[in-house]
Amino acid sequence: MATLQHYSSSSLILVTLLLTVFFVDLTSSTSRGALNHHKASHSHQSSGFRVTLHHVDSGKNLTKLERVQHGIKRGKNRLQRLNAMVLAASTSTQDSQLEAPIHAGNGEYLMELSIGTPPESYPAVLDTGSDLIWTQCKPCSQCYKQPTPIFDPEKSSTFSKLSCNSNLCSALPASSCNDGCQYVYSYGDYSVTQGILATETFTFGEVSVKNIGFGCGGDNEGDGFEQASGLVGLGRGPLSLVSQLKEPKFSYCLTSMDDSKTSVLLLGSMASVNGTKKTVTTPLVRNPSQPSFYYLSLEGISVGDTQLSIEKSTFEVGDDGNGGVIIDSGTTITYLEENAFDALKKEFISQTQLPVDKSVSTGLDVCFTLPSGTTQVEIPKLVFHFKGGDLELPAENYMIGDSNLGVACLAMGASSGMSIFGNVQQQNILVNHDLEKETISFIPTQCEQL
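Below: a short report on this structure. (Residues numbered from 1 in each chain as written. Predicted model: local features only at pLDDT ≥ 70, side-chain atom pairs only at ≥ 80, totals over all residues. Heavy atoms only, no water.)

1. Some remarks on the overall build of the chain
Working step 1: Broken down by element type, the chain carries 4 helices and 30 strands.
Working step 2: Across the 450 residues of the chain, 57% fall into the buried class.
Working step 3: Summarising the internal contacts of the chain: among those between residues at least 6 apart in sequence, 71% fall at separations of at least 24.
Working step 4: Summing over all exposed atoms, the chain offers an accessible surface of approximately 18600 Å²; the carbon and sulfur share of this is 48%. (Helix = DSSP H or I, 4+ residues; strand = E, 2+ residues; numbered from the N terminus. Buried < 20%, exposed > 50% of the residue type's maximum accessible area, 1.4 Å probe, protein only. Contact = heavy atoms within 4.5 Å. Areas by Shrake-Rupley, 256 points an atom, 1.4 Å probe, with all protein chains shown as cover.)

2. Describing the pairing of strand S12 (residues 207-221)
Working step 1: Counting buried positions along S12 yields 12 of 15 residues, so the element is predominantly enclosed.
Working step 2: In this sheet, S12 lies alongside strand S7 (residues 134-136) in parallel orientation, the contact comprising 3 bridges. Across the sheet, residue Trp134 finds its bridge partner in S12, namely Gly215.
Working step 3: The pairing of strand S11 (residues 192-204) with S12 spans 12 bridges and is antiparallel. By the bridge assignment, Thr193 is partnered in S12 with Asn220.
Working step 4: Between S11 and S12, which pair antiparallel in sequence order, lie 2 residues; one of them, Gly205, sits at a positive phi of approximately 65°. (Pairing = 2+ DSSP bridges.)

3. So, the packing of aromatic side chains
When we look at a pair of aromatic rings, we describe it by the centre distance and by the angle of the planes.
Working step 1: Here the structure, examined in full by the defined rule, presents 14 aromatic pairs.
Working step 2: Their ring planes at 70° and their centres at 6.5 Å tell us that Phe151 and Phe214 sit as a pair that is edge-to-face. Of this pair, Phe151 sits in the loop between S7 and strand S8 (160-161) while Phe214 is found in strand S12, placing the two residues 63 residues apart along the sequence. Judged on exposure class, the residue Phe151 and its partner Phe214 are both buried.
Working step 3: Aromatic pair Phe159 and Phe214: ring centres 6.3 Å apart, planes at 75°, arrangement edge-to-face. Here Phe159 is found in the loop between S7 and S8, whereas its partner Phe214 is found in strand S12, with 55 residues between them in sequence. (Phe/Tyr/Trp six-rings, centres within 6.5 Å; stacked < 30°, edge-to-face > 60°.)

4. Points about the side chain of Gln351
Working step 1: On the secondary structure map, Gln351 appears in helix H4 (residues 338-351).
Working step 2: The class of Gln351 is buried, set by a relative accessible area of 14%.

5. Considerations on the nonpolar core
Working step 1: Within the largest apolar cluster, 84 residues are counted, with the highest numbers of intra-cluster contacts made by Met111, Leu265 and Phe442.
Working step 2: No other element matches the 5 residues that S12 contributes to this core.
Working step 3: Counting 17 residues, the second-largest nonpolar core is a separate cluster that includes Tyr144, Cys181, Leu197 and Ala228. (Core = buried A, V, L, I, M, F, W, Y, C linked by side-chain atoms within 4.5 Å.)

6. Brief notes about the sheet that holds strand S24 (residues 389-392)
Working step 1: Ordered in space as S18-S17-S23-S24, the 4 strands form an open sheet in which the pairing is antiparallel. Because the sheet does not close on itself, it has two edges, and the strands there are strand S18 (306-307) and S24.
Working step 2: Here H4 sits on the sheet and contacts strand S17 (298-303), S18 and strand S23 (382-386); the angle it forms with S17, its principal contact strand, is near 25°. (Axes fitted to C-alpha atoms, helices over the stretch in contact; angles between N-to-C directions.)

7. Describing unusual backbone geometry
Working step 1: At the junction of Thr117 and Pro118, the peptide bond is cis and its omega measures out at 5° in the coordinates.
Working step 2: Relative to the helices and strands, Pro118 resides in the loop between strand S5 (109-115) and strand S6 (120-127).
Working step 3: In this structure, the amide linkage connecting Lys138 to the following residue, Pro139, adopts the cis form with an omega of -5°.
Working step 4: Looking at the secondary structure, you find Pro139 in the loop between S7 and S8.
Working step 5: Located in the positive-phi region is Glu438, a residue other than glycine, with phi close to 55°.
Working step 6: Of note, Glu438 is situated in the loop between strand S29 (429-434) and strand S30 (439-444).
Working step 7: Overall, the relative accessible area of 28% leaves Glu438 in the partly exposed class.

8. Observations regarding the state of the cysteines
Working step 1: Scanning all chains against the criterion turns up 6 disulfides.
Working step 2: In this model Cys164 forms its disulfide with Cys177; the gap between the sulfur atoms is 1.9 Å. On the S-S bond that ties Cys164 to Cys177, the torsion sits near 100°, and the link is right-handed. On the criterion of sequence distance, the pair formed by Cys164 in the loop between S8 and helix H2 (167-171) and Cys177 in strand S9 (residues 175-177) is long-range, its members being 13 residues apart. (Disulfide = S-S within 2.5 Å.)

9. Remarks on the sheet that holds strand S26 (residues 407-410)
Working step 1: Spatially, S21-S26-S25 is the arrangement adopted by the 3 strands of the open sheet, whose pairing is antiparallel. Strand pairing shows two members of the sheet lacking a second neighbour, strand S21 (366-369) and strand S25 (399-402), which therefore form its edges. Between one strand axis and the next, the sheet turns through 20° on average, direction left out of account.
Working step 2: Of the strand pairs in this sheet, S21 and S26 are connected by 4 bridges, and their pairing is antiparallel. Within the sheet, the bridge partner assigned to Phe368 lies in S26 and is Ala408.

Function cannot be inferred from these measures alone, as they are strictly geometric.
Structure follows, in structure tokens:
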């Protein structure tokens, strides 16, 4: 098995290459038993529960680099949506207010849950960038092809429409009143779901939670939803699943993208964590124009022992709502504001003693050519300086190697305006969101052992 060696006197990491990808032994940097497990009771909203997550490309015969490439292609639409949301909020006019607000949608991880009584199982996209929970419902005026039967509310004894004066209806960004609370959610690339807001019993594993507000969509169209039968929003707004639970906290732990092991989502009391010496806890930042996003308090980045010269305002939310750094489960790689990425790119290349690959065939901005027969390479350390602590990333969370192609690539890119901390950088880290304390904690963890 490959090894990752940290040298306290060195700014470089020695990575051993095997097969077609980088593997990293994370045993020395993990925290088993980092969770407080509480036994969940059925139909009790304050219980904790766990949900298995599957990467959208799981089960496919792909290398890690190929999975990243697929994710980047999917992520381009998402990146455009996220930027469009901020732009729409900061340049709101009378005309734009007549249109349905744009939301992130799509994602990289699917969760399995059940809806109704008796429960009907279906896969849903996990999305920390939006709030609404929704699934396709009969009767459908327009529905896309989904992997499970479309939910029929008439066959459930616990389905109930929400009135127009309900709190959840009032929380909708766009709604109308016609035989109940009607919603419309647009995803920026002509994808849309619309229907009626209702409550239902949702079942996660063996734990049932009553009266969860959700969108029962009878008109759903667009790209990117076909692998799922709906979406579960885990944003900071009142419509999200985590906000509707009595204990507004959740954690997820994503296994390596080239791993056949499943990832995990922990909600409610099961999401409570015990910190370790390696835990980094940073306060969340509020952006009034985008209240659902999880904005991080990022203060700087170091490559090796060199802290990059980046304007402090680069990672701050501007008065117009632009800028800032969000953490997002649905974006594959990390995107940094263009000036920050250029500084990182320049420093990373200068510290990496490998020739730069200029073929641009991988779809990533920074790649290096691996010498023939190479079994080890040295790459600089990468540290994100958050308010509250420094997060040093494992090598596999930012370098993707493929010996078949003879390249090693930095899994990061440039963006305009907002920066995004993607899910490759979150691998084998327990990411705990606490909406009461308004913090996020990063705990190095072997996710497959949770």
